[in-house]
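Architecture and fold: a report
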Amino acid sequence: MDGTAIEGPFGRRRYVLEKTCQESVGHQHNYDHHTVVVCGGIKVTIRDTEDGPIVSERDYLPGSDLVFIAAKKHHTIKALFDNTVYFCLFSHRDFGGLVSQEYMGNQQAYS
C-alpha cells in the first residue's frame, strides 16, 4: 500500500502489486468499499470469514466493473500481471457509522 488520501467526499488507498500472484494480505474492514483496477489485473476472493468457504471469486481488468466489497467480508486481492495498480475507494463516516460528505475525524472508520 502506498498511502491513503482523503479528498472531497471520499478517501482512497493506492496499492501496487509488483509481481504476478503477489497478494494483499487477506483482511476485512468495518465499512463497504469499492476497488478499481488502474493497470494490470486482479483476482478478488471474498469469504464471510477468514477460513470460510469462498463466497465470490472473480477477475477484474482495467475498464471492467468496480469491485464492491461489503463491510466485514474477508477479502484477498491477487495480481494477475506484474506491476498491477489498483485503488480502494471508501466513503467518510461519522462517529455513528453513517456516511458523511466530509472527514469527521473518525479515523477508526478507515481501519
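1. Remarks on the packing of aromatic side chains
- Under the defined criterion, the tally for this structure stands at two aromatic pairs.
- Consider the rings of Tyr15 and Tyr86, whose centres lie 4.8 Å apart with planes at 5 degrees: the pair is stacked. With Tyr15 in strand 2 (residues 10-17) and Tyr86 in strand 8 (residues 84-93), this pair connects stretches of sequence that are 71 residues apart. In this pair, the class of Tyr15 matches that of Tyr86, namely buried.
- Where Tyr31 meets Phe90, the ring centres are 5.5 Å apart and the plane angle is 45 degrees; that geometry is what we call tilted. Taken together, the residues Tyr31 in the loop between strand 2 and strand 3 (33-39) and Phe90 in strand 8 connect sequence positions 59 residues apart.
- Among the residues examined, Tyr31 registers a relative accessible area of 3% and is labelled buried.

2. Here's the deal with the sheet that holds strand 5 (residues 54-60)
- In space, the three strands of this open sheet follow the order 5-4-7, with antiparallel pairing throughout. This sheet does not close on itself; its edge strands, each paired only once, are strand 5 and strand 7 (74-79). Each strand of the sheet is rotated relative to its neighbour by a mean of 15 degrees, with strand direction disregarded.
- Bridge count for strand 4 (residues 42-47) against strand 5 is six bridges, and the pairing is antiparallel. When the bridges of strand 5 are listed, Ile42 appears paired with Tyr60.

3. Overview of the pairing of strand 2
- Alternating residues of strand 2 divide into Gly11, Arg13, Tyr15 and Leu17, all buried, and Phe10, Arg12, Arg14 and Val16, none buried.
- In the sheet, strand 2 pairs with strand 8 via eight bridges, with the strands oriented antiparallel. The residue bridging Leu17 from the neighbouring strand is Thr84, located in strand 8.

4. Focus: the side chain of Arg13
- Structurally, Arg13 can be placed in strand 2.
- With relative accessibility at 9%, the residue Arg13 sits in the buried group.
- A polar side-chain atom of Arg13 sits 2.9 Å from a polar atom in the side chain of Tyr31.

Calculation rules
Residues numbered from 1 in each chain as written. Predicted model: local features only at pLDDT ≥ 70, side-chain atom pairs only at ≥ 80, totals over all residues. Heavy atoms only, no water. Phe/Tyr/Trp six-rings, centres within 6.5 Å; stacked < 30°, edge-to-face > 60°. Helix = DSSP H or I, 4+ residues; strand = E, 2+ residues; numbered from the N terminus. Buried < 20%, exposed > 50% of the residue type's maximum accessible area, 1.4 Å probe, protein only. Pairing = 2+ DSSP bridges. Axes fitted to C-alpha atoms, helices over the stretch in contact; angles between N-to-C directions. Polar contact = N/O pair within 3.5 Å; in protein donor to acceptor, adjacent residues only side chain to side chain.

Remember, this is a structural readout, not a statement about activity or role.
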